[in-house]
Amino acid sequence: MVVKDIIDILEGEIICEGDLTKEIKTACGSDMMSDVLAFVKDQSVLLTGLVNPQVVRTAEMMDMACIVFVRGKDPDQSIIDLAEMRDITLIKTKYRMFTACGKLYANGLSGGTKI
Amino acid sequence: MSGIHLHYEVSGEDFTRAGEASGSVKKRLKSLGYNTDAIRRVAIAMYEAEINMVIHADGGYCDVDIFPDRVEILLADHGPGIPDVDKAMQEGYSTAPDNVRSLGFGAGMGLPNIKKYTDEMRIETTIGVGTNLYLTVKVNE
């Protein structure tokens, strides 16, 4: 799956466009950034309801190519600027966290761990 | 053996800027050609420590020394110190205020995450004086 597929599956709207052809192998849904930093695997997409610059910084540390804001949340310009500088794609979807994660899972994306 | 020395001041006043030093070190390591996994371990450990510094200690400074085989990081602050280091090392134990949780941190994973991603971690802390956190990550193995 690539970033563009995630946009299609979640009927997402692009807020900041990075490389849409980047391959995504796993996903993580969380509002706690320390949990993201503890468990995330390579080439992940982050789904979150948290809207602040630390979301982008967390994605940066984890080499994530894409962040999805659930429930149609809008990041402010400071967040968009940070993402732009780091070539990270920002998407918003109208779906809630559970549904958004479920849709990606049903389309073959996993959490990257057995448990 | 001499390495590359980097120094960063970490502001305790602006939570949104926490992570700038870690991001900068990550970029530098990338440009020097270190392997991706090692770079990520350095970045995550330092980022968590930077966040801790802003949440608990009103900022401080980081000294980073980059060697061919390892990266050494000192994060020093003049905060309140850690009363019980063993407790602070437990996953899920946190003394962070609620407003920090609403920002996505304070889940009690900071120090455990730092330990997980580093090869050596040493804490020197004195109540009312501050904390020095020494980290070593082996690279290019």
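Computed from a prediction, not measured in an experiment: that's the story for all the values here. Counting restarts for each chain, with residues numbered from 1 along the sequence as it is written. Written order determines the labels here, with chains lettered from A and ligands numbered from 1. Reporting of local features is limited, given that this is a predicted model, to residues whose pLDDT is at least 70; pairs of side-chain atoms are given and counted only at 80 or more, and all residues count toward the totals for whole chains, interfaces and linings.

**Focus: the sheet that holds strand β1 (residues 4-11) of chain B**
Residue and element names in this part refer to chain B. The line we're drawing: Strand pairing follows a simple DSSP-based rule, namely that at least 2 bridges must link the two strands. Here a strand is any run of E in DSSP of at least two residues, a helix any run of H or I of at least four, and the numbering for each starts at the N terminus. For helices, the fitted line uses only the C-alpha atoms of the stretch in contact; every axis is such a line through C-alpha atoms, and the angle between N-to-C directions lies from 0 to 180 degrees. Working definition of a contact: two residues with C-beta atoms, positioned from the backbone, lying within 7 Å.
Strand order in the open sheet made by the 5 strands is β1-β2-β3-β5-β4, with antiparallel pairing throughout. Only two strands of the sheet have a single partner each, and these edge strands are β1 and β4 (120-126). The mean inter-strand angle of the sheet, taken between neighbouring strand axes irrespective of direction, is 10 degrees. As judged from the 7 bridges shared by β4 and strand β5 (residues 130-138), these two strands associate in the antiparallel manner. Residue pairing across strands places Arg122 opposite Tyr134, the latter belonging to β5. Each of β1, β2 (59-66), β3 (70-77) and β5 touches helix α2 (residues 36-57); the most contacted strand, β5, lies at about 175 degrees to it.

**Observations regarding the environment of B:Ala57**
Residues and elements named next belong to chain B. Our working rule: Backbone-placed C-beta atoms define the burial measure: a residue is buried with 20 or more other C-beta atoms within 10 Å of its own, exposed with 12 or fewer, and partly exposed in between.
When you line up the elements, Ala57 lands in helix α2. Among the residues examined, Ala57 registers 20 C-beta atoms within 10 Å and is labelled buried. C-alpha of Ala57 to C-alpha of Ser11: the two residues are 46 residues apart in sequence and 10.0 Å apart in space.

**Examining helix α5 (residues 97-106) of chain A**
Residues and elements named next belong to chain A. Condition: Directions from the helix axis toward the C-beta atoms define the arc.
Ala100, Cys101 and Leu104 are the residues of α5 that are buried. In an axial view of α5, the angular spread of the buried residues amounts to 95 degrees, which keeps them on one side of the axis. In this structure, α5 carries Phe98 and Ala106 as exposed residues pointing more than 90 degrees from its buried face. One or two positions beyond α5, positive phi appears at Gly108, with a value near 105 degrees.

**Some details on the interface of chain A and chain B**
Rules: Residue type decides the class: Asp, Glu, Lys and Arg count as charged, Ala, Val, Leu, Ile, Met, Phe, Trp, Tyr, Cys and Pro as nonpolar, and the leftover types, Gly among them, as polar.
Between chain A and chain B, the contact holds 18 residues from the first and 18 residues from the second. Residue assignment for the side of chain A that touches chain B shows that the elements contributing at least two residues are α2 (33-39) and α3 (53-61) of chain A. The element that contributes the greatest number of residues to the side of chain A that touches chain B is α3(A), accounting for 6 residues. Taken together, the residues of the side of chain A that touches chain B sort by class into 9 nonpolar, 4 polar and 5 charged.

**Remarks on the nonpolar core**
Applicable threshold: The term nonpolar core refers to a group of buried residues, namely Ala, Val, Leu, Ile, Met, Phe, Trp, Tyr and Cys, whose C-beta atoms join them within 7 Å.
Within the largest apolar cluster, 71 residues are counted, with the highest numbers of intra-cluster contacts made by A:Cys66, A:Ile67, A:Val68 and B:Met46. The element best represented in this core is α2(B), accounting for 13 residues. Among residues more than four places away in sequence, those in contact with A:Cys66 are A:Val3, A:Ile6, A:Ile24, A:Val45, A:Ile88, A:Thr89 and A:Ile91.

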